[in-house]
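Given next are the chains, with one letter for each unit.
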Amino acid sequence: MSQITVEWKVNGKTLKKGVNGKKAITIGRHPACDIVLGDPHVSRRHATIYCTNGTYHIHNLSLTNPIVFNDHWNLGHDFRADLKPGDNFIIGRVPMRVRVGYLNGNGSAPDSNLKARCPSCSQLMDFGEHSCAWCGASLADAETVELEEKVKATVH
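Residues numbered from 1 in each chain as written. Predicted model: local features only at pLDDT ≥ 70, side-chain atom pairs only at ≥ 80, totals over all residues. Heavy atoms only, no water.

Caption draft 1: Main features of the side chain of His-46. As for its placement among the helices and strands, His-46 is situated in the loop between β4 (35–36) and β5 (47–52). Note on His-46: relative accessible area 0%, which makes it buried. Not counting chain neighbours up to four residues away, the residues in contact with His-46 comprise Ile-27, Gly-28, His-41, His-59, Asn-60, Leu-61, Ser-62, Asn-65, Pro-66, Ile-67, Ile-91 and Gly-92. (Helix = DSSP H or I, 4+ residues; strand = E, 2+ residues; numbered from the N terminus. Buried < 20%, exposed > 50% of the residue type's maximum accessible area, 1.4 Å probe, protein only. Contact = heavy atoms within 4.5 Å.)

Caption draft 2: Here's a closer look at the sheet that holds strand β9 (residues 80–83). The strand order across the open sheet formed by five strands is β4-β3-β5-β6-β9, and the pairing between neighbours is mixed. Of all the strands in the sheet, the pair left with one neighbour each is β4 and β9. Relative to β5, strand β3 (residues 25–28) runs antiparallel, the two sharing three bridges. Opposite Thr-26, over in β5, you have Thr-48 as the bridge partner. (Pairing = 2+ DSSP bridges.)

Caption draft 3: Region of the structure containing the pairing of strand β10 (residues 88–91). Taken together, the three bridges between strand β7 (residues 67–69) and β10 define a ladder with antiparallel strand orientation. Note that in β10 the partner of Ile-67 across the bridge is Ile-91. Judged from the four bridges that link them, β10 and strand β11 (residues 94–100) form a sheet pairing that is antiparallel. If you follow Ile-91 over to β11, its bridge partner there is Val-94. The turn linking β10 back onto β11 is made up of two residues, and Gly-92 within it adopts a positive phi angle of 65°.

Keep in mind that these numbers describe shape and distance, not what the molecule does.
Next up, the structure:
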């Protein structure tokens, strides 16, 4: 996997940060972090995401605040977990999700018009999802669809 995108919402707006594997990114409250979260439950330097040998990892830097990883377990101080598209984690009270990355020249992630069509119910999902939000079917064998700009503007 060459790149990923981390996605989260603030006041209903979806924000994205691309990770290209060449440089680690930091997440925290401190303004010097690559992703700054204004939540009092987030440490100043809470986590870092980095890549080794083509695998992305999240590392909890916080001494006091865990990271909830894939809704199942807490990632305590100095623990790491592998990341793949579709994984989710919560830092403080901010839910974040890992997507397949599409980076533009400045390292930010543009809105992608790449979708996956569910093989069971034919609904369109964001590319990189593991299962259909409509029927729950696996998207492992889903058809990849690139929407035209005109159609993309009407999809919500």
